[in-house]
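One letter stands for each residue in the lines below.
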Amino acid sequence: MTLVAGIDSSTQSCKIVIVDAATGALVRTGRASHPAGTEVDPNAWWVALNEAITEAGGLDDVSAISVGGQQHGMVVLDAAGRVIRPALLWNDTRSAAAADALNAEFPDLAERTGSRPVASFTSTKLRWLRDAEPENAQLVAAVCLPHDWLTWRLRGFGPENPELTELVTDRSDASGTGYFNSVTNAYDLEVLGAALGRDASALTLPRIVAPGDRAGIVASSVVVMACGAGDNAAAALGLGARSGDVVVSIGTSGTVFAVATTQLPDATGTVAGFADASGNFLPLVATMNAARVLDSTAALLGVNHDELGVLALEAEPGADGLVLQPYFEGERTPNLPEATATLFGMTLASTTRPSLARAAIEGLLCGLADGLDALVQQGVNAQRILLIGGAAQNPAVSSIAAQVFAVPIVVPEPGEYVALGAAVQAAWVLTGARPEWTLTLVAEPASDYRPVIRDQYARYSAAGSPAS
């Protein structure tokens, strides 16, 4: 049996899966936690990665490996390969004003890069660095993303080496920087230079490695490395998503994305025109508030997640008119970084534990359904929804999703699909062909679309007040 490994270095933790390259069958796993916060020292990711590899039994019998990781995070290095400052993560919104400035300077950013950047994007974080920490901005010799940096470290590079050596990445993660054109597969140095306030031609940027091509080998081993991917693109690979499939993921963030054969740029910024990890494109809508909406509501009600679901199903669709606009941490889509959550429709009849539980689930899902609408408006063919993430396994969430979405829903078995997608890349680099692994489904909730849920959610404006 030939074994390959896939890594998911996410916001909260590092996971590794080691699988049979022929079938994708899981052999063993490992996991380690990441520090909390919206800025993190990348060395904490390296420590967690090594802990996860050790827990999984090491790489001695593994033939290839690939790293999937959280998108957008800004990792800046000096000429000696040292990390200059803690990485700013995708959910750090301090660069909201910088995003506005870049969009004003480059009104055609959606055409140039596929996306209109918001505070999540790397380019906006570099502009923030230029303005808030000019002394650090002057030290920058290389810019990369979390998965790029971990791939670089696995290959044996780092500050212990006398000089900065080659970084590598893939189209999917590069397309989330805000300074990469995934149609031409080239960096937009004018945008990058404007972001950092420097001549970008002097910077070291990761080389783009194509799907199926080698990125190098793990240091002091014969383990082949694939190019890696951004987390959502890796999840699409792990699920085997094809045209017609839409993935709705409920994790730390909420995402709605689909595989497309052409780029679908959206000048409004609602849909990000990312690349996927197979050579195609991955139009995507992201929300900042997802599973933690349920965490917060469950804690408020003094119940666990299963009990929250039971409570929610005691209320009728529409939660007796109670609507939760779940912008607890600001919001990315719509772009409201300073927003807060709001409850609407509170009456003596609606203000009950079951209605609040249901309003939390409906509010979370309505935000994602708005994202699906935006994808369809851009030309995405939506025939089936693959509902993933820990919350998807809650029967209440999946059954209410079948009432919120007008597209049929299937729920794959629980799995580390980002890590599994990275393992697909690892198997691909060994054989030269994308593997076809079987996807097991655990639920197919009956379609039960209830327009009342979406209609009453839509009555309230994105600004958090009743729509006129």
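The structure displayed is predicted, hence computed values, not measured ones.

Trainee: What is the right way to look at the sheet that holds strand β22 (residues 384-388) in this model?
Mentor: Across a sheet, strands are paired by hydrogen bonds formed along the backbone, either parallel or antiparallel in direction. On the basis of which strands lie adjacent, the open sheet formed by seven strands has the order β18-β19-β17-β16-β22-β23-β24 and mixed pairing. Looking at strand neighbours, the two that pair on one side only are β18 (272-275) and β24 (441-443), the edges of this open sheet. Taking each pair of neighbouring strands and ignoring which way they run, the sheet shows an average axis angle of 35°. As judged from the four bridges shared by strand β17 (residues 254-258) and strand β19 (residues 281-287), these two strands associate in the antiparallel manner. Looking across to β19, one finds that valine 256 is bridged to valine 285. Running at roughly 155° to strand β23 (residues 409-412), helix α13 (residues 395-404) makes contact with β16 (245-250), β22 and β23 of the sheet.

Trainee: Got a minute to help me understand the packing of helix α1 (residues 42-55) against helix α6 (residues 146-154) in this structure?
Mentor: Between two packed helices, both the angle of their axes relative to each other and the distance between the axes serve to describe the pair. Direction vectors running N to C along α1 and α6 enclose 60°, while the axes themselves pass 10 Å from each other. Comparing the axis directions of α1 and α6 gives the class oblique. Crossing hand, α1 versus α6: right-handed. In this structure, α1 uses Pro42, Asn43, Trp45, Trp46, Leu49 and Ile53 to contact α6, whose residues at the interface are Pro146, Trp149, Leu150, Arg153 and Leu154. Of the residues assigned to the contact of α1 with α6, the class counts are nine nonpolar, one polar and one charged.

Trainee: Would you mind showing me how to read the pairing of strand β3 (residues 26-33) here?
Mentor: Remember that side chains alternate between the two faces of the sheet whenever the strand is regular. Bridge count between strand β2 (residues 13-20) and β3: seven bridges; the pairing is antiparallel. Each bridged residue has a counterpart across the sheet, and for lysine 15 the counterpart in β3 is arginine 31. The antiparallel pairing of β2 with β3 creates a hairpin that spans five residues between the two strands, and glycine 24 there sits at a positive phi of about 80°.

Trainee: I tried to follow unusual backbone geometry on my own but got confused; where do I start?
Mentor: Negative phi is the rule for most residues except glycine; trans is the rule for most peptide bonds. Proline 334 follows threonine 333 through a cis peptide bond whose omega is 0°. Structurally, the position occupied by proline 334 is in the loop between β20 (323-325) and β21 (342-344). In the Ramachandran plot, serine 220 falls in the positive-phi region, its phi being about 55° despite a non-glycine side chain. Inspection of the secondary structure puts serine 220 in the loop between β13 (216-217) and β14 (224-225). Since its relative accessible area comes to 84%, serine 220 is described here as exposed. For alanine 319, which is not glycine, the phi torsion reads 55° and is therefore positive. By secondary structure assignment, the location of alanine 319 is in the loop between α11 (305-314) and β20. Of the residues examined, alanine 319 reaches a relative accessible area of 0% and is grouped as buried.

Trainee: Looking at this structure, I do not really get the packing of aromatic side chains. What am I missing?
Mentor: Pairs of aromatic rings are described using the distance from one ring centre to the other and the angle between the two planes. The full count for this structure, using the stated rule, is four aromatic pairs. Here tyrosine 179 and tyrosine 187 contribute two aromatic rings whose centre-to-centre distance is 6.2 Å and whose plane-to-plane angle is 35°, an arrangement assigned as tilted. With a centroid separation of 4.1 Å and 15° between ring planes, the pair formed by phenylalanine 344 and tyrosine 460 is classed as stacked. With phenylalanine 344 in strand β21 and tyrosine 460 in the segment after α15 (451-458), this residue pair connects regions lying 116 residues apart in the sequence.

Trainee: Hey, could you run me through empty space enclosed by the protein in this one?
Mentor: Any empty space left between the atoms is revealed when a probe the size of a water molecule rolls over them. With the rule as written, the count across this model stands at five cavities of 30 Å³ or more. By volume, the largest cavity is sized at about 80 Å³. Taken together, Ser115, Arg116, Val118, Phe121, Gly269, Thr270, Ala272, Leu284, Val285, Ala286, Arg332 and Thr333 make up the full set of residues lining the largest cavity. If you tally residues by element for the lining of the largest cavity, the top one is β19, at three residues. Tallied by class, the residues present in the lining of the largest cavity amount to six nonpolar, four polar and two charged.

Trainee: For this particular structure, what's the right way to read the state of the cysteines?
Mentor: Structurally, a disulfide amounts to a covalent bond that connects the sulfur atoms of two cysteines. Tallying each qualifying case throughout the model produces zero disulfides. Left unpaired, cysteine 144 is separated from the closest cysteine sulfur, that of cysteine 227, by 15 Å. Note on cysteine 144: relative accessible area 1%, which makes it buried. Judged by its relative accessible area of 2%, cysteine 227 is buried.

Trainee: Before we go on, may I ask you to explain helix α4 (residues 122-132) in this structure?
Mentor: Because an α-helix packs 3.6 residues into every turn, residues spaced three or four apart end up facing the same way. Most of α4 is tucked away, with eight of its 11 residues classed as buried. Every buried residue of α4 is accounted for by Thr122, Ser123, Thr124, Lys125, Leu126, Arg127, Trp128 and Leu129. Packed against the buried residues of α4 are β6 (75-77), β7 (87-88), α2 (96-105), α5 (134-137), β8 (142-144) and α8 (189-196).

Trainee: In this structure, what is going on with the side chain of serine 120? I would like to understand it.
Mentor: In this structure, serine 120 sits in the loop between α3 (109-113) and α4. What makes serine 120 buried here is its relative accessible area of 3%. Within polar-contact distance, the side chain of serine 120 engages the side chain of arginine 332 at 3.3 Å. Discounting chain neighbours no more than four positions away, the residues touching serine 120 are His72, Trp90, Lys125 and Arg332.

Trainee: Help me understand the environment of phenylalanine 180, please; the structure alone is not making it clear to me.
Mentor: Within the element layout of this structure, phenylalanine 180 appears in strand β10 (residues 180-181). Phenylalanine 180 sits in the buried class, given a relative accessible area of 0%. C-alpha of phenylalanine 180 to C-alpha of asparagine 280: the two residues are 100 residues apart in sequence and 15 Å apart in space.

Trainee: Which parts of the structure should I look at to understand α11?
Mentor: Regarding α11, the residues found buried are Leu308, Gly309, Leu311 and Ala312. One side of α11 carries all its buried residues, which in axial view fall inside an arc of 160°. Exposed residues lying more than 90 degrees from the buried face of α11 are Asp306, Val310 and Glu314. If you follow the buried residues of α11, they end up packed against α10 (291-301), α12 (353-377) and α13. At the N-terminal boundary of α11, the capping side chain belongs to asparagine 304, with an oxygen 3.1 Å from the backbone nitrogen of aspartate 306.

About the cut-offs
Residues numbered from 1 in each chain as written. Predicted model: local features only at pLDDT ≥ 70, side-chain atom pairs only at ≥ 80, totals over all residues. Heavy atoms only, no water. Pairing = 2+ DSSP bridges. Helix = DSSP H or I, 4+ residues; strand = E, 2+ residues; numbered from the N terminus. Axes fitted to C-alpha atoms, helices over the stretch in contact; angles between N-to-C directions. Contact = heavy atoms within 4.5 Å. Parallel < 35°, antiparallel > 145°, perpendicular 65-115°, else oblique. Left-handed = near helix turned anticlockwise from the far one by under 90°. Nonpolar A, V, L, I, M, F, W, Y, C, P; charged D, E, K, R; others polar. Buried < 20%, exposed > 50% of the residue type's maximum accessible area, 1.4 Å probe, protein only. Phe/Tyr/Trp six-rings, centres within 6.5 Å; stacked < 30°, edge-to-face > 60°. 1 Å grid on protein atoms, 1.4 Å probe; cavity = no way out; pocket = protein on both sides within 12 Å on 5 of 7 lines; lining within 4 Å. Points joined across faces, edges and corners; volume = space filled by probe spheres on them. Disulfide = S-S within 2.5 Å. Polar contact = N/O pair within 3.5 Å; in protein donor to acceptor, adjacent residues only side chain to side chain. Arc of directions from axis to C-beta.

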